[in-house]
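Overview (structure and organization)
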Amino acid sequence: MKSLEKTLELYKQYRRKLLAYKYLNFITSWDLQTEAPEGSVVNTSRQLDVFAEESYRLNMDDKYIKCVETLYNNRDKIDEVTAHEVEVTYKDLQKLKNIPKDEFLKYQQLLNLAYPAYVKAKQSGDFNQFAPILKQIVEFNKNLCKWQETETLKGYNVLLDTYEPQYTTKEYDEFFDVLRTKLVPFVKKVVARKLQYNDSFVGKTFEVDKQRQYCEYIRDVMCFDKSRGLMKESEHPFTSGFGTDDIRITVHYYPELVESAIFSAVHETGHALYEQQQDPSLNDTMCCGGASLGLHESQSRFYENNIARSYSFWQVHFPRLKELFPEQLEGVTVDDFYKHVNRAECSFVRVEADELTYPLHIMLRYEMERKFIDGDLEVEDFSKYWNEAFTRYFGITPPDDRVGVLQDVHWACGNIGYFPTYALGSAIAAQLYHKMNEEFDVEESIRSGNTSKVNEWLKQHIHKYGSSKYPKEILRLAVGEDFNPQYYVDYLINKYKVIYGIED
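Residues numbered from 1 in each chain as written. Predicted model: local features only at pLDDT ≥ 70, side-chain atom pairs only at ≥ 80, totals over all residues. Heavy atoms only, no water.

1. Quick look at the overall build of the chain
The secondary structure content of the chain amounts to 20 helices and three strands. Compactness check: the chain gives a C-alpha radius of gyration of 23 Å against a globular reference of 23 Å for 504 residues, within 12% of the reference. Each principal axis of the C-alpha distribution contributes one length, and for the chain these read about 70 × 50 × 45 Å. A buried classification covers 57% of the 504 residues belonging to the chain. Element-wise, carbon and sulfur atoms account for 48% of the exposed surface of the chain, whose accessible area totals about 21800 Å². Seen as two clouds, the 62 positive and the 79 negative side-chain charges of the chain have centres 3 Å apart. (Helix = DSSP H or I, 4+ residues; strand = E, 2+ residues; numbered from the N terminus. Rg over C-alpha atoms; globule rule 2.2 N^0.38 Å. Buried < 20%, exposed > 50% of the residue type's maximum accessible area, 1.4 Å probe, protein only. Areas by Shrake-Rupley, 256 points an atom, 1.4 Å probe, with all protein chains shown as cover. Lys, Arg positive; Asp, Glu negative; His and termini not counted. Charge placed at Lys NZ, Arg CZ, Asp CG, Glu CD.)

Right, dumping it as structure tokens:
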């Protein structure tokens, strides 16, 4: 037993160093994506290269690997949280060991340069500027699938499992089939109708400084602890952080699209609350952070759609928006604004999509990822394929790559296999919303002026666990059953039937 205690203590020493490198990477990457001057990119990337090399060296240290293996084989003799952490770490190390070191480090260097290259390409609306770097990212991930394949996981499934454990093309195909057969026909009915409301504010200029004030107000409504987090701007909104006490979000402001920043702020604060409300005892472990991408997205989509697109929410918070923009919103009622933020229409940009058409955006990306990882689609053809598929799904064609294939940052970050978790997260959110309403009236709680009651429910049923359990287990503990996409379909159809006055 003493030998095991020594092993555990040595493991914790390694973990402390690995967490420190994780922090350095977080803080430097945050700066790179928010405030760093353009000329600093190359030098900053060199420092990130050092962090990656040192982190890799620690992970591949024979003593560390032996510690993990010993603890993995004695999981029944250590505490539950550490046992889960070691199990996940053991599996991750097995994957990492199969990646050639030179290839791994070269890839980290590539990713450090990819984001600024992506931003330039997006701003110019020219995919060809980014294609050479993206081609290298895709090739690495195709090789990664070969290096890390097992008897049960091969090809694209290797990448899917990275972001959502235990979900493969089989599960996602079944999920998307439910959406395709039950939701898509309803979507066509809805988008064929014209929603009547006063939209006189659309296209007017909403000063960015006042938008920023309203987004800060929204973070207060959501009871976010600002002493442990902040909000800034970036080209693509995101959330990052370290532990429960340093959680940062970004939004992007469009002067003529006021709802964009509002819902980005809600969405990213949803992510941030998940991080902030975890059990603080997890801070010094590898179990601090969301259990999976799908579960994380369920939190951001829950707040963005189930909460912030509800009528009760705008009953309370529309008056404050009108105070800030009296001229732009003159004559506009809460009913008008509620209909506006819940209108369903085919549009180009995923992050601006309504609840109803959103899953179609994910199905397109899922389809593309399967094809290019399997070798059935070349990077040079991405823009053409995207535009043709988009036209087929939505009936409209992107005018340029900025609102087409370049609209998302994920592939630039090497996150292939990530997109399907967005649709999964929305569906899990609907299942949580159903369960929550069995215990209390959610919309009534929203009319109190803040989301404190909702926050507490999610804290006790989802957030507190961090990643100390597998996501499927956390969901089962929260709702008493396995994932069921029917709640998602029912929620959307019932909501939009009322908004659009559609009879059965």
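That shown, we press on.
2. Details of the sheet that holds strand 3 (residues 247-251)
Sheet strands pair via backbone hydrogen bonds, and the direction of the pair is either parallel or antiparallel. The strand order across the open sheet built from three strands is 1-3-2, with neighbouring strands paired in mixed fashion. Only two strands of the sheet have a single partner each, and these edge strands are strand 1 (229-233) and strand 2 (239-241). Ignoring strand direction, the axes of neighbouring strands in this sheet form an average angle of 25°. Together, strand 1, strand 2 and strand 3 form the strand contacts of helix 1 (residues 2-34), whose direction differs from that of strand 3 by roughly 15°. In the packing of helix 10 (residues 258-276) onto the sheet, contacts are made with strand 1, strand 2 and strand 3, and the angle to strand 3 comes to roughly 165°. (Pairing = 2+ DSSP bridges. Axes fitted to C-alpha atoms, helices over the stretch in contact; angles between N-to-C directions. Contact = heavy atoms within 4.5 Å.)

3. Thoughts on helix 7 (residues 156-163)
Of all eight residues that make up helix 7, seven are buried, and the element is covered over most of its length. All of the buried residues in helix 7 are Tyr 156, Asn 157, Val 158, Leu 159, Leu 160, Asp 161 and Tyr 163.

4. Points about the layout of surface pockets
The calculated volume of the second largest pocket comes to roughly 360 Å³. Counting only elements with at least two residues in the lining of the second largest pocket, the list comes to helix 1 and helix 5 (101-124). No other element matches helix 5, which puts five residues into the lining of the second largest pocket. Looking at the lining of the second largest pocket, its residues break down into seven nonpolar, four polar and four charged. (1 Å grid on protein atoms, 1.4 Å probe; cavity = no way out; pocket = protein on both sides within 12 Å on 5 of 7 lines; lining within 4 Å. Points joined across faces, edges and corners; volume = space filled by probe spheres on them. Nonpolar A, V, L, I, M, F, W, Y, C, P; charged D, E, K, R; others polar.)

5. Examining the side chain of Glu 369
Position of Glu 369 among the secondary structure elements: in helix 14 (residues 358-374). For Glu 369, which is buried and forms no salt bridge, the nearest opposite charge comes from Arg 365, at a distance of 7.8 Å. Apart from the residues within four sequence positions on either side, Glu 369 is in contact with Tyr 156, Trp 411, Asn 415, Ile 416, Gly 417, Tyr 418, Phe 419 and Pro 420. (Salt bridge = Lys/Arg side-chain N within 4 Å of Asp/Glu carboxyl O.)

6. Some remarks on the packing of aromatic side chains
In the structure shown here, the tally under the stated rule is 41 aromatic pairs. Note on Phe 372 and Trp 411: the rings are 5.4 Å apart at their centroids and 90° apart in plane angle, and the pair reads as edge-to-face. Taken together, the positions of Phe 372 in helix 14 and Trp 411 in the loop between helix 15 (382-394) and helix 16 (420-439) put the pair 39 residues apart, joining distant regions of the chain. Pair check on accessibility: Phe 372 and Trp 411 agree, each one buried. (Phe/Tyr/Trp six-rings, centres within 6.5 Å; stacked < 30°, edge-to-face > 60°.)

7. Examining the nonpolar core
Core analysis: the biggest nonpolar cluster contains 159 residues, and Phe 175, Trp 314 and Phe 382 have the highest contact counts within it. Ranked by size, the runner-up nonpolar core spans five residues in total, among them Ala 36, Val 41, Leu 48 and Phe 51. (Core = buried A, V, L, I, M, F, W, Y, C linked by side-chain atoms within 4.5 Å.)

8. Side note on the packing of helix 8 (residues 169-191) against helix 14
Contact geometry of helix 8 with helix 14 gives a least axis separation of 11 Å together with a crossing angle of 145°. The handedness of the crossing between helix 8 and helix 14 is left-handed. Two secondary-structure elements touch here, helix 8 through Thr 169, Tyr 172, Asp 173, Phe 176, Leu 179, Arg 180, Leu 183 and Val 184 and helix 14 through Pro 359, Leu 360, Ile 362, Met 363, Tyr 366 and Arg 370. Class assignment of the residues belonging to the contact of helix 8 with helix 14 gives a composition of ten nonpolar, one polar and three charged. (Left-handed = near helix turned anticlockwise from the far one by under 90°.)

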